[in-house]
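Coordinates in review
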Amino acid sequence: MLQLLQPGPKLNPGVAVEFAWCLHYITCSQVNNALLITHGALSTLGLLLLDLAGAVQRTEDAGLELLACPVLRCLSNLLTEAAVETVGGQMQLRDERVMAALFILLQFFLQKQPSLLPEGLWLLNNLTANSPSFCTSLLSLDLIEPLLQLLPVSNVVSVMVLTVLCNVAEKGPAYCQHLWPGPLLPSLLNTLAFSDTEVVGQSLELLHLLFLYQPEAVQAFLQQSGLKALERHQEEAQLQDRVHALWQTALHR
């Protein structure tokens, strides 16, 4: 199956779609995903992702999402396996091109198939959650601004974007320095105006990390009426503790 999914002139798109979905169902069954990883599944799927990104740039073919969806899901599922580190799975994907290809697909989805954005963002989350190198790629390729442009799409997409940014910020001061300054604070002030509790909660988590690792973020937050943005959530039961903690941090830094 992995042989038939290898990119190249012999790759049959119809066959590839069928086998990619088969592989997705196999990974979901979790029978022996470590074996798939040792047989190079992550490497094959990563190459397929690069191939899909190239195809997106060459054509307007809307059928590409038929293959993109199972490929993204397989990669996401395999990256959550505990065995990924022990069998060298991360090394199969340690390539900036994977990050660049994923963003090409995200831009394609934004224009043609917004319903697939969560699939791509789920993979981005799994890539950045435990990997400083993928967080570094995200920063070195200047992909923070394109990521922020996805915030208005939907509440689900907003939460996933903010989660990825938290993955980067929690790696420490050096990573937060690259997030700051820029469009991040205005974007966070906008998301604090959302009514969705999960979006606001994830925004608060990201602000907490920025305040912790990037002290000048506090001053900028105060100067741009950040406390006023927090005020509207002070009485919300699910948020008030985090709002109060952030308020105290901002006033006593």
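Structural notes, computed from the coordinates. (Residues numbered from 1 in each chain as written. Predicted model: local features only at pLDDT ≥ 70, side-chain atom pairs only at ≥ 80, totals over all residues. Heavy atoms only, no water.)

Some details on the overall build of the chain
Filter applied, for reference: Helix and strand definitions follow DSSP, with helices as H or I runs of at least four residues and strands as E runs of at least two, each counted in order from the N terminus. Each radius of gyration reported is based on C-alpha atoms, and the globular scaling rule is 2.2 Å times the count of residues to the power 0.38. Type-normalised accessible area, obtained with a 1.4 Å probe on protein chains alone, sets the label of each residue: buried when under 20%, exposed when over 50%, and partly exposed for intermediate values. Contacts are assigned to residue pairs with any non-hydrogen atoms lying within 4.5 Å of each other. His is not counted here, nor are the chain ends, while Lys and Arg score as positive and Asp and Glu score as negative. Note on charges: their place is set at NZ of Lys, CZ of Arg, CG of Asp or CD of Glu.
Secondary structure assignment for the chain yields 17 helices and zero strands. Here the C-alpha radius of gyration of the chain, 20 Å, is about what a compact globule of 253 residues would show, namely 18 Å. With respect to the three principal axes, the spread of C-alpha positions in the chain is 60 × 40 × 35 Å. The burial tally for the chain puts 51% of its 253 residues in the buried class. The long-range share in the chain, meaning contacts at least 24 apart out of those at least 6 apart in sequence, stands at 73%. Computing the positive centroid from 11 side-chain charges and the negative centroid from 21, the chain places the two 4 Å apart.

So, helix H15 (residues 216-223)
Quick reminder of the rule: This arc describes the spread of directions from the helix axis toward the C-beta atoms.
Taken together, the buried positions of H15 are Ala217, Val218, Ala220 and Phe221. End-on view of H15: buried residues confined to an arc of 165 degrees, all on one side of the axis. For H15, the secondary structure elements touched by its buried residues are helix H13 (184-191), helix H14 (197-213), helix H16 (226-231) and helix H17 (240-252). The positive-phi residue at the C-terminal boundary of H15 is Ser225, with phi of around 60 degrees.

Examining the environment of Val98
With respect to the helices and strands, the residue Val98 is situated in helix H7 (residues 96-112). Separated by 48 residues in the primary sequence, Val98 and Leu50 place their C-alpha atoms 6.5 Å from one another.

What to know about the side chain of Asn126
Quick reminder of the rule: Whenever a nitrogen or oxygen atom comes within 3.5 Å of another N or O atom, the pair is scored as a polar contact, on the condition that within protein one atom can donate a hydrogen and the other can accept it, and that pairs from neighbouring residues in sequence are kept only if both atoms are in side chains.
One can find Asn126 in helix H8 (residues 117-129). A polar side-chain atom of Asn126 sits 3.3 Å from a polar atom in the side chain of Asn125.

Re unusual backbone geometry
Despite not being glycine, Gln30 shows a phi value in the positive range, around 55 degrees. Within the secondary structure, Gln30 sits in the loop between helix H1 (13-29) and helix H2 (33-38). Residue Ser225 is not a glycine yet carries a positive backbone phi of 60 degrees. Topologically, Ser225 is positioned in the loop between H15 and H16.

Re the packing of helix H9 (residues 132-140) against helix H11 (residues 155-169)
As a reminder, the rule being used: Fitted lines through C-alpha atoms serve as axes, helices being fitted only where they are in contact, and the angles separating the N-to-C directions of these axes extend from 0 to 180 degrees. An angle counts as roughly parallel when it lies under 35 degrees, as roughly antiparallel when it exceeds 145, as roughly perpendicular when it falls between 65 and 115, and as oblique in every other case. Gly is put with the polar residues, along with every residue not named as nonpolar or charged; the nonpolar set is Ala, Val, Leu, Ile, Met, Phe, Trp, Tyr, Cys and Pro, and the charged set is Asp, Glu, Lys and Arg.
Two elements in contact, H9 and H11, have axes whose closest approach is 9 Å; the angle formed by their N-to-C orientations is 110 degrees. Of the possible angle classes, the one that applies to H9 and H11 is roughly perpendicular. Of the residues in H11, those in contact with Cys135, Leu138 and Leu139 of H9 are Val164, Asn167 and Val168. Across the contact of H9 with H11, the residue classes tally to five nonpolar, one polar and no charged.

A short note on the environment of Arg232
Mapped onto the elements of the fold, Arg232 is located in the loop between H16 and H17. Distance in space between the C-alpha atoms of Arg232 and Leu189 is 12 Å, their sequence separation being 43 residues. The contacts of Arg232, once residues within four sequence positions are left out, are Leu192, Ala193 and Phe194. A distance of 3.1 Å separates the side chain of Arg232 from the backbone oxygen of Ala193, its partner in a polar contact.

A short note on the packing of H8 against H11
Basically, it comes down to this: In this scheme, a crossing is called left-handed if the near helix is turned counterclockwise away from the far one by less than a right angle; it is called right-handed if the turn is clockwise.
Contact geometry of H8 with H11 gives a least axis separation of 9 Å together with a crossing angle of 15 degrees. Between H8 and H11, the interaxial angle falls into the category roughly parallel. Here the hand of the crossing between H8 and H11 comes out left-handed. Of H11, the residues touching H8 (which contributes Leu117, Pro118, Leu121, Trp122, Leu124, Asn125, Thr128 and Ala129) are Val156, Val157, Met160, Val161, Thr163, Val164 and Asn167. When its residues are assigned to classes, the contact of H8 with H11 shows eleven nonpolar, four polar and no charged.

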